[in-house]
Amino acid sequence: MRDSLFRVLSNKTFQIIFLLYSSLLTFLGRQLDRGITNFDGAYYAIKAREIFSSESLWVVTWDGTTRFFDNPPLPFWLTGLVYKILGVSGYAAVFSSAVFGVLIVYLTYSLCNYLYKDNWTSFLAAFVLLFPGLFMDASRRAMLDITLAFFVTASMYCLIKGLESRKFFWLYGLMTGCAVLTKSVLGFFPVVIGVVFLCWCRGFKKIFDPGFMTGVVLALLVGCSWYLVNWY
């Protein structure tokens, strides 16, 4: 009986379902819409509400007319779409952060399982994210940190997978570009990490691998599109 229970608990499918259900319940299980309690969350929530009523989806506004160039638009596009579906509310404002928090938990499990080939190591690495702390708190706020963390985590996962299959370098570039469109210069960290990682593990020549270079170029094209539009 004990062995059967241990086999069930050690099963990869069971662990993933448990993590996804627990993270959804933790990040989205709000019984009442109590609004947004922090200033930054309200600041971003209003930007998301206004971007669809502005002249351009690429121009982020405040108070309807004032243009702000401190934040790229991708998080506001996502929150704006949630507004369209659920209506403008505090719950809708935090929805995308919560969903990305759930996806980070899943990616953490998948990345650890790929690297260590051990279900319990992967489970504990992901499960610790559900403990009360900065990650859980940020996943329940209408801010940009969790969205950025998701794209960075996804780009790192694709970078490692790209060492086996070059097609993942395309996803690496796309995820990095989305990170730039989420929080500007901070989104370029996956490129820096990728260069250092390849130099350290595969040698300097690996940086000029066509697959990796294609991913970097794609990241620059996607990420810098916002800079070009706003400069124009």
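Our subject is the structure that appears above.
What you are looking at is a predicted structure, and each value in this text was computed from that prediction instead of being measured. (Residues numbered from 1 in each chain as written. Predicted model: local features only at pLDDT ≥ 70, side-chain atom pairs only at ≥ 80, totals over all residues. Heavy atoms only, no water.)

S.K.: I'd love a proper account of helix α6 (residues 119-127), names of residues and values included.
M.R.: Each turn of an α-helix holds 3.6 residues, which means side chains three or four residues apart point in the same direction. Of the residues making up α6, those classed as buried are S122, F123 and A126. Down the axis of α6, the buried set is contained in an arc of 100°. They therefore lie on one face. In this structure, the buried residues of α6 make contact with α2 (12-28) and α5 (90-116). (Buried < 20%, exposed > 50% of the residue type's maximum accessible area, 1.4 Å probe, protein only. Helix = DSSP H or I, 4+ residues; strand = E, 2+ residues; numbered from the N terminus. Arc of directions from axis to C-beta. Contact = heavy atoms within 4.5 Å.)

S.K.: I'd love a proper account of the environment of V185, names of residues and values included.
M.R.: Tracing the backbone through its elements, the reader meets V185 in the loop between α9 (167-183) and α10 (189-202). Of the residues examined, V185 reaches a relative accessible area of 57% and is grouped as exposed. Along the primary structure V185 and V102 are separated by 83 residues, whereas in three dimensions their C-alpha atoms are 25 Å apart.

S.K.: Any details on the packing of aromatic side chains? Residues and values, ideally.
M.R.: Scanning the model with the defined rule gives 18 aromatic pairs in all. Between F18 and F123 the ring centres are 5.9 Å apart and the planes differ by 45°, which places this aromatic pair in the tilted class. Residue F18 is located in helix α2, and its partner F123 is located in helix α6; the two are separated by 105 residues in the primary sequence. According to the relative accessible area criterion, F18 is partly exposed, its value standing at 33%. You can call F123 buried: its relative accessible area is 11%. With centroids separated by 5.6 Å and ring planes inclined at 55°, the aromatic side chains of F100 and F151 adopt a geometry described as tilted. Residue F100 is found in helix α5, and its partner F151 is found in helix α8 (residues 145-162); the two are separated by 51 residues along the sequence. (Phe/Tyr/Trp six-rings, centres within 6.5 Å; stacked < 30°, edge-to-face > 60°.)

S.K.: Talk me through a nonpolar patch on the surface; I want residue IDs and the actual numbers.
M.R.: A surface patch of nonpolar side chains, amounting to about 300 Å² of accessible area, comprises V8, L9, F14 and F18. Elements represented by at least two residues in the nonpolar patch include exactly α1 (2-10) and α2. (Patch = residues over 30% accessible without salt bridge, like charges linked within 9 Å, V, L, I, M, F, W, Y side chains within 5 Å. Areas by Shrake-Rupley, 256 points an atom, 1.4 Å probe, with all protein chains shown as cover. Salt bridge = Lys/Arg side-chain N within 4 Å of Asp/Glu carboxyl O.)

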